[in-house]
Amino acid sequence: MPKMKSDSGAKKRFKFTATGKIKRHNAFRSHILSTKTRKRKRQLRKSSLVAKADAKRIARTLQF
């Protein structure tokens with residue numbers, strides 16, 4: 001049986017932390033930025049963790 005391949009889209013979007021949690025980037029930061037407050041745009045720069053409910057499904061796409 002051939003080796004399983006990781007989802008290439010998921011590889012580019014997610015990273016694992018040292019403790020094994022999955023990091024992601026926040027959405028809503030690409031366009032129409034004039035309507036968003038300075039504080040909101042600044043906070044969207046930071047990465048956040050994937051929800052526990054989605055973590056198992058995403059980890060499977062990364063073959064972890």
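For clarity, every value in this text was computed on a predicted model and none was experimentally measured. (Residues numbered from 1 in each chain as written. Predicted model: local features only at pLDDT ≥ 70, side-chain atom pairs only at ≥ 80, totals over all residues. Heavy atoms only, no water.)

A.B. asks: Would you explain the sheet that holds strand β3 (residues 47–49) in this entry?
C.D. replies: To summarise the sheet geometry, strands pair through backbone hydrogen bonds and adopt either a parallel or an antiparallel arrangement. The strand order across the open sheet built from three strands is β1-β2-β3, with neighbouring strands paired in antiparallel fashion. Strand pairing shows two members of the sheet lacking a second neighbour, β1 (15–16) and β3, which therefore form its edges. Pairing analysis gives three bridges linking strand β2 (residues 22–25) to β3, with the strands arranged antiparallel. What sits directly across from Lys23, in β3, is Leu49. (Pairing = 2+ DSSP bridges. Helix = DSSP H or I, 4+ residues; strand = E, 2+ residues; numbered from the N terminus.)

A.B. asks: Looking at this model, I keep getting lost on a positive patch on the surface. Mind explaining?
C.D. replies: Positive charge collects at one region of the surface, where Arg29, Arg38, Lys39, Arg42, Arg45 and Lys46 lie side by side. Mapped onto the fold, Arg29 is located in the loop between β2 and α2 (38–44). (Patch = residues over 30% accessible without salt bridge, like charges linked within 9 Å, V, L, I, M, F, W, Y side chains within 5 Å. Areas by Shrake-Rupley, 256 points an atom, 1.4 Å probe, with all protein chains shown as cover. Salt bridge = Lys/Arg side-chain N within 4 Å of Asp/Glu carboxyl O. Lys, Arg positive; Asp, Glu negative; His and termini not counted. Charge placed at Lys NZ, Arg CZ, Asp CG, Glu CD.)

A.B. asks: Sorry, what's going on with unusual backbone geometry here?
C.D. replies: A negative phi angle characterises most non-glycine residues, just as the trans form characterises most peptide bonds. In this structure, Phe28 takes a positive phi of about 70° despite not being glycine. Looking at the secondary structure, you find Phe28 in the loop between β2 and α2. The exposed category is assigned to Phe28, whose relative accessible area is 62%. Here Ile32, not a glycine, exhibits a phi torsion of approximately 55°, which is positive. In this fold, Ile32 is placed in the loop between β2 and α2. (Buried < 20%, exposed > 50% of the residue type's maximum accessible area, 1.4 Å probe, protein only.)

The values reported here are purely geometric and, on their own, carry no functional implication.
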